[in-house]
Amino acid sequence: MTIFLFTFFLFRLCRQHVYQLISTRGEDTIKIVTAFKNKSINFSMEKGNGMISEKFLNTRLLDIVFGKTYSGTLIVDHEGYIRYISRNFCDFLKVERNEVIGEHVTHTIENTRMHLVVKTGKAELAQLQFLRGEYVIANRIPIIEDGKILGAVGIIIFRDLYDWQKLNTHIRHMLSQSRFLLEKQPRAAGVKYMLNDLIGSSRQMALLKEKIKKVARGDITVLITGESGTGKELVAHSIHSSSDRSSGPFIKINCGAIPEHLMESELFGYEEGSFTGAKKGGKPGKFQAAEGGTIFLDEIGDMPVMMQVKLLRVLQEKEIEPVGAVHPKPIDVRIIAATNQPLKELVEQNRFRKDLYYRINAIQLDIPPLRTRAEDIPLLARHFLKKASSGLGKRVTGFSPEALSALEGYNWPGNIRELENAVHAAVYMASSDAIGLEDLPEAIREHLNRKKESSLKERMEAAEKQMIEEALRAACFDKKRAAKALGIGHSTLYDKMKKLRIEVK
Ligand SMILES: Nc1ncnc2c1ncn2[C@@H]1O[C@H](COP(=O)(O)OP(=O)(O)OP(=O)(O)O)[C@@H](O)[C@H]1O
């Protein structure tokens, strides 16, 4: 609602300008006929060839109309060349007007889309634009006469810098609030993701989604395995939100992050007076908080052995024993566990209880590392690009082919988390609407360079091998003659044949 009102306010502000222009009818230069009704401005010129030129723009008049407002105005012609720019816009951009008139808009204004609006003929209203390190609100309206695009008017809204910074903070806050509300509304406590949030079209991902749907139905304990950053937590959320418990809570515990001496009370709660410093009335634990829902035990491999015994009891008896309680309490909670450690090896090293391992391992969902499903990378990268660009209010809409192929060729030791962070950082760095190779993190570019170097080396070796084999054949496999024909010494030929694994029967 707040965003709507805000946008409406900006919209009115721009409309006001256009009406001011309309009221200037009768000037011998431009007659502006209609305004925002069709999301475009129709200019009708009393003189001229239908193209916008300085001759037909009364700069003085436009300065009077636009000069004293809190918005910057720009007019480009049908090719995107600047024909008019208001003084306050020049001040904001820190450019001289006479230097930018006649320049292409892309040379003067970062992240502009005016040159695209004159191509599409479609208005873009109340868009966030990142300009000189700040967000501005931009309205870009094509100028159309008799169905022909003559140019476009761009209006950016700003006040003085201090006011603008306040507005900027306000917008960021509103954006994060609206996202938070949208995401939160349909989901139960603690639930962040649904099955649809699991992006990936590879065969492995399709199988995984099928398995999630199957296991979601019952109450059976599930063990999710996979390298760090592959999406184990996301899968746990998806199981919960696809299950009959989806309206119940989803409680996550990181078993590696809770100090051992606090774990029991954290998980099962405590009764009043059970230890010095215990709260009056006691305190419920995470299991009680998850009643009717799901508890997600992340990094279960890090759970202390003593706690493993207690957890096994919960699984078998479906009851918990809060610290200091006289009687156990029944509990209705589904358990999902996850680990990136080889639990079987931990069992062999007596660091994980065998009975608990068999109890939780009945259904195991293994998430494959990203490097084994490169076909998911473009889809994921575009998903994270959309997320990052809307979060940062920056219009970055795609990847250059080189950048995309570098992402596909990288080995992603940090898996999807690393890809998400890489795309986020690249959106920050991007200076056009497509992420280029130069915007990607150094690790990815270095990996690409190493691959290029090694492929050059491989190709050189292959060519060398071919030449030696040909020389050997031509010399009827007489090595001395072949070496002479190649212009190298006898022993050098031997070394090369050994290195390149060339065998002569
Ligand atoms: N298939 C996917 N589609 C979209 N986003 C994903 C996918 N898998 C993982 N992510 C995102 O990647 C990030 C890491 O995922 P998550 O925390 O679930 O990984 P994890 O395996 O639990 O990691 P760790 O073992 O380090 O705890 C999260 O931001 C998550 O939203």
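Residues numbered from 1 in each chain as written. Predicted model: local features only at pLDDT ≥ 70, side-chain atom pairs only at ≥ 80, totals over all residues.

*Asks:* Hey, could you go over the overall build of the chain for me, with residue numbers and the actual values?
*Replies:* Along the backbone of the chain there are 20 helices and 16 strands. Residue burial in the chain is summarised as follows: out of 505 residues, 29% are buried. (Helix = DSSP H or I, 4+ residues; strand = E, 2+ residues; numbered from the N terminus. Buried ≥ 20, exposed ≤ 12 C-beta atoms within 10 Å, placed from the backbone.)

*Asks:* Talk me through the site of the ligand; I want residue IDs and the actual numbers.
*Replies:* The immediate surroundings of the ligand are formed by 18 residues, with Ile 199, Ser 228, Gly 231, Lys 232 and Glu 233 found nearest. Of the residues in the shell around the ligand, the class split is five nonpolar, seven polar and six charged. Each of two domains, domain 2 (195–368) and domain 3 (371–440), supplies a minimum of three residues to the shell around the ligand. (Near = placed C-beta within 6 Å. Nonpolar A, V, L, I, M, F, W, Y, C, P; charged D, E, K, R; others polar. Domains from an automatic or database assignment.)

*Asks:* Tell me about the packing of helix H15 (residues 377–392) against helix H17 (residues 415–429), residues and numbers included.
*Replies:* One way to put it is that H15 packs onto H17 with a least axis distance of 9 Å and a crossing angle of 50°. One element, H15, and the other, H17, form an angle in the oblique class. H15 and H17 meet at a crossing whose hand is right-handed. Between H15 and H17, the residues in contact are Ile 377, Leu 380, Ala 381, Phe 384, Leu 385, Ala 388, Ser 389 and Leu 392 and Ile 416, Leu 419, Glu 420, Val 423, His 424, Val 427 and Tyr 428, respectively. Of the residues in the contact of H15 with H17, the class split is 12 nonpolar, two polar and one charged. (Axes fitted to C-alpha atoms, helices over the stretch in contact; angles between N-to-C directions. Parallel < 35°, antiparallel > 145°, perpendicular 65-115°, else oblique. Left-handed = near helix turned anticlockwise from the far one by under 90°. Contact = placed C-beta atoms within 7 Å.)

*Asks:* Now, about the sheet that holds strand E9 (residues 250–254): what can you tell me, with residues and values included?
*Replies:* Sheets are built from strands that pair by backbone hydrogen bonding, the pairs being arranged parallel or antiparallel. As summarised here, the arrangement of the five strands in space is E9-E10-E13-E8-E14, forming an open sheet in which the pairing is parallel. Each having just a single partner strand, E9 and strand E14 (363–366) make up the two edges of the open sheet. Neighbour to neighbour, the strand axes of the sheet diverge by 20° on average, direction disregarded. Pairing of strand E8 (residues 222–225) with strand E13 (residues 334–339), which is carried by four bridges, proceeds in the parallel orientation. (Pairing = 2+ DSSP bridges.)

*Asks:* How would you explain the environment of Leu 315 if you had to name every residue and give the values?
*Replies:* Note on placement: Leu 315 falls in helix H12 (residues 305–317). Residues Leu 315 and Ile 335, spaced 20 residues apart in sequence, show a C-alpha to C-alpha distance of 8.1 Å. Apart from residues lying up to four places away in sequence, Leu 315 is in contact with Thr 221, Ile 335 and Arg 359.

*Asks:* Which residues make up the environment of Ala 138, and what values go with them?
*Replies:* Examined against the element boundaries, Ala 138 turns out to sit in strand E6 (residues 134–145). Under the C-beta neighbour-count criterion, Ala 138 is labelled buried, with 26 such atoms within 10 Å. Sequence separation between Ala 138 and Ile 156 is 18 residues, and the spatial gap between their C-alpha atoms is 4.4 Å. Residues contacting Ala 138, with those up to four places away along its chain left out, are Gln 127, Gln 129, Gly 154 and Ile 156.

*Asks:* Would you mind going over the pairing of E13 in detail, with residue names and values included?
*Replies:* Most of E13 sits out of view: six of its six residues are buried. Burial along E13 is two-sided: the face carrying Arg 334, Ile 336 and Ala 338 and the face carrying Ile 335, Ala 337 and Thr 339 are both buried. Of the strand pairs in this sheet, strand E10 (residues 294–298) and E13 are connected by four bridges, and their pairing is parallel. The partner of Ile 295 across the bridge, within E13, is Ile 335.

*Asks:* Kindly report on the nonpolar core, identifying the contributing residues and their values.
*Replies:* The nonpolar side chains of a soluble globular protein tend to be buried with one another. One finds Ile 224, Ile 295, Phe 296, Leu 297, Ile 336 and Ala 337 to be the most contacted residues of the largest nonpolar core, which totals 38 residues. For Phe 296, the contacting residues outside a window of four places in its chain are Ala 236, Phe 250, Ile 251, Lys 252, Ile 253 and Ile 336. (Core = buried A, V, L, I, M, F, W, Y, C linked by C-beta atoms within 7 Å.)

*Asks:* Tell me what's going on with helix H20 (residues 490–499), and back it up with residues and numbers.
*Replies:* Quick reminder: α-helices carry 3.6 residues per turn. Residues three or four places apart thus point the same way. Burial within H20 is sparse, with just one of its 10 residues counted as buried. One or two steps after H20, the chain reaches Arg 501, where phi turns positive at roughly 50°.

*Asks:* Can you tell me about the packing of H15 against helix H16 (residues 401–409), naming the residues and giving the values?
*Replies:* Remark: H15 packs on H16, axes separated minimally by 10 Å, with the N-to-C direction vectors making an angle of 120°. Here H15 runs over H16; the crossing is right-handed. Contacts between H15 and H16 involve Ile 377, Pro 378 and Ala 381 from the first element and Leu 404, Leu 407 and Glu 408 from the second. Grouping the constituent residues of the contact of H15 with H16 by class yields five nonpolar, no polar and one charged.

*Asks:* Would you mind going over unusual backbone geometry in detail, with residue names and values included?
*Replies:* Even without being glycine, Cys 476 reaches a positive phi, approximately 50°. Relative to the helices and strands, Cys 476 is located in the loop between helix H18 (442–474) and helix H19 (479–486). By C-beta crowding, Cys 476 is classed as exposed, having 8 other C-beta atoms within 10 Å. Positive phi, normally seen in glycine, also occurs at Phe 477, with a value near 65°.

*Asks:* So what's going on with the confidence of the model for the chain? Residues and values would help.
*Replies:* Confidence along the chain averages 82 in pLDDT terms, with 81% of residues attaining 70 or more. Note that pLDDT drops below 50 for residues 1–50; the model gives that stretch 73 contacts with residues more than four away or on any other chain. What the predictor reports for the complex is a pTM of 0.60 with an ipTM of 0.98. (pLDDT = per-residue confidence, 0-100.)

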